[in-house]
Amino acid sequence: MLQLIEESLSAASGFLWGYILLFCLLGTHLYLTVILRCPQRYFFTALKLYFARGNKSEGHISHFSSLMISLAANVGTGNIIGVAVAVTTGGPGAVFWCMLTGLLGMSTRYAESLLAIRYRVRDEKGNIVGGPMYAIERGMKCKWLGVTFAVLTAIAAFGIGNITQSNAVARVVEESSLGFPAWGTGLVLALLVAGVLLGGLKGISRVCSACVPAMALIYMAGCALLLIANADYILPAIARIMDSAFTEQAAGGGFIGSTLMLAMQTGCKRGLFSNESGMGSSPIVSAPVRTPNAVQQALVASTGPFWDTVVICTLTGITLTVAVMAHPQVDSEAGEVLTYHAFASIGSIGSLLLTVSLTTFVVSTLLGWSYFGERALQYLGGIKLITPYRMLWVLMTFVGCIVPRSALVWDFADVANGLMALPNLISLFALSGTLVLYTRHYLWENRLYKVDEFSIPSSQEPDKEPLKES
């Protein structure tokens, strides 16, 4: 039975990610980059907005806290294990396509977050909530599609944000010198997550704001050590990545063979898994932000894929390629443990840094995605569902650690991700006129610091168009 489920999920993943999502995602990224006049060029403007207070604006958390929660959810096993899976499956060229997905995905993240602010509402307790489900219902007037997105998000959260994360860290910790059993890792993770979730959104934001910068620096330090130890292979590794991104590669030098299409498919798939641009998950945490207008938060949010994919995933890809070229004995066939073997090649300090990094990445991702899942479930049935969902979330954190078949876990995550992305991508095209309207008003016409006086409505009030009314 388990084998049948695994084969079915693998077939579904291959179908979704064969051409359908590859075309839809890259097409959406390119389309939004063109109609929004390349919002990536405002990257440095976005950096200045990181610590803008926005105290006079409605909202619960700051720009920076929102970005940290988003990065906490995005920066996880996809950056470490996911990139390793991409390299082992699609060859080094997958790293290039993963990076390109991150660059182009900045436009999509900008658009998603703008719509999340534009269509946010207040729930029955006065909390500000939002996300693609609200944009679809209130902007597209298509409630059934919003419900579909919310259902898929609540399900996908257990794949990309829970089971894959805990499963990956349990395997690495068990493989490491610690030799900690999977059930022990599961118990520790479950207790940590349960403790933070008691604090709600503000508790999650405090932990993520403190942990995300630190965990990224620790991981990058580990990558730097490995690269310094094998400095002679850095340029050849970069050349290998670029060459195999555009040509068919035969097996050799510690790598399996790969085709151009396989490299592109694998790189784009893992790029989305990592930065989630186009999935519609990260904009959920943009909704409660204190921001003068929708465009400010959209610009801040758009930098997420840059840090997550362009910086961290690319660094991981180069590091792994260097490690395999310098140490052909490193096992490059099992993606889940390739990263551990690569870091172990520089001694115990390497494996320790990886274990610490991966553990903190996983904890932060579990916290970020728990919030995404909660908001999706709240949209479907109200706040009464949040506590049971949190209890199930903690339980599945433990279960994910003891699931033995990692291929089943990753295929489930890929299918859930793909299905979740489709309603969100439809909304981005359908509401492209709103995206251009707001971008023109606040960004192109130099009103970036103007306060939008539009009052956030309750979920029961009809939608209004503030720009047309003003």
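Anyway, here's the lowdown on the structure attached to this text. Worth saying up front: this structure is predicted, and the values here are computed from it rather than measured.

1. Focus on the packing of helix α10 (residues 234-246) against helix α13 (residues 304-326)
- Following both chains from N to C, one finds α10 and α13 inclined at 110°, their axes separated by 9 Å at the closest point. By the angle between their axes, α10 is roughly perpendicular relative to α13. In this structure, α10 meets α13 at a crossing whose hand is right-handed. Where α10 abuts α13, its residues Ile 234, Pro 236, Ala 237, Ile 238, Arg 240 and Ile 241 lie against Gly 317, Ile 318, Thr 321, Val 322 and Met 325.
- Along the lines of polarity and charge, the residues of the contact of α10 with α13 split into eight nonpolar, two polar and one charged.

2. A closer look at the packing of helix α5 (residues 93-118) against α13
- Running from N to C, α5 and α13 point in directions that differ by 175°, and their axes come no closer than 8 Å. Considering their axes alone, α5 and α13 lie roughly antiparallel with respect to each other. Each of Val 95, Cys 98, Met 99, Gly 102, Leu 103, Gly 105, Met 106 and Arg 109 in α5 lies in contact with α13, whose residues at this interface are Gly 304, Pro 305, Phe 306, Thr 309, Val 310, Cys 313, Thr 314 and Gly 317.
- Split by residue class, the contact of α5 with α13 holds nine nonpolar, six polar and one charged.

3. Details of empty space enclosed by the protein
- Under the definition given, this model contains three cavities of 30 Å³ or more.
- By volume, the largest cavity amounts to about 50 Å³.
- Around the largest cavity, the lining residues are Trp 17, Leu 21, Leu 22, Leu 25, Leu 26, His 29, Thr 101, Cys 268, Leu 272, Asn 275 and Ser 277.
- Every element with two or more residues in the lining of the largest cavity is listed here: α1 (2-35) and α11 (260-275).

4. Some words on unusual backbone geometry
- In this model, Arg 37 sits at a positive phi of 55°, which is unusual for a non-glycine residue.
- Under the relative-accessibility criterion, Arg 37 is labelled partly exposed at 46%.
- For Cys 38, which is not a glycine, the phi torsion comes out positive at approximately 60°.
- Among the secondary structure elements, Cys 38 is positioned in the loop between α1 and α2 (43-49).

5. Quick notes on the environment of Ala 287
- Mapped onto the secondary structure, Ala 287 falls in the loop between α11 and α12 (294-302).
- Sequence separation of Ala 287 and Arg 118 is 169 residues, and the distance between their C-alpha atoms is 8.5 Å.
- Ignoring any residue separated from it by four or fewer positions in sequence, one finds Ala 287 in contact with Ala 116, Ile 117, Arg 120, Ile 128, Val 129 and Gly 130.

6. A few points about the packing of aromatic side chains
- Under the criterion given, the structure shown has 12 aromatic pairs.
- Ring geometry for Phe 158 and Trp 393: centres 5.3 Å apart, planes at 45°, overall tilted. Remark: Trp 393 occurs in helix α16 (residues 386-402) and Phe 158 occurs in helix α7 (residues 143-175); sequence separation between them is 235 residues.
- Judged by its relative accessible area of 0%, Trp 393 is buried.
- Relative to Phe 372, the ring of Trp 369 has its centre 5.1 Å away and its plane inclined at 75°; by these criteria the two rings are edge-to-face. With Trp 369 and Phe 372 both in helix α15 (residues 348-381) and three residues apart, the pair spans about one turn of that helix. Comparing Trp 369 with Phe 372 shows no difference in burial state: the two are buried.
- Through a chain of ring-to-ring contacts, three or more aromatic side chains come together here, namely Phe 43, Phe 44, Phe 306 and Trp 307.
- Against the face of Trp 444 rests Arg 37, its NZ or CZ located 3.8 Å from the ring centre.
- Above the face of the Tyr 119 ring, Arg 118 is positioned so that its terminal group lies 4.3 Å from the ring centre.

What counts, and where the lines are drawn
Residues numbered from 1 in each chain as written. Predicted model: local features only at pLDDT ≥ 70, side-chain atom pairs only at ≥ 80, totals over all residues. Heavy atoms only, no water. Axes fitted to C-alpha atoms, helices over the stretch in contact; angles between N-to-C directions. Helix = DSSP H or I, 4+ residues; strand = E, 2+ residues; numbered from the N terminus. Parallel < 35°, antiparallel > 145°, perpendicular 65-115°, else oblique. Left-handed = near helix turned anticlockwise from the far one by under 90°. Contact = heavy atoms within 4.5 Å. Nonpolar A, V, L, I, M, F, W, Y, C, P; charged D, E, K, R; others polar. 1 Å grid on protein atoms, 1.4 Å probe; cavity = no way out; pocket = protein on both sides within 12 Å on 5 of 7 lines; lining within 4 Å. Points joined across faces, edges and corners; volume = space filled by probe spheres on them. Buried < 20%, exposed > 50% of the residue type's maximum accessible area, 1.4 Å probe, protein only. Phe/Tyr/Trp six-rings, centres within 6.5 Å; stacked < 30°, edge-to-face > 60°. Lys NZ or Arg CZ within 6 Å of the ring centre and 35° of its normal.

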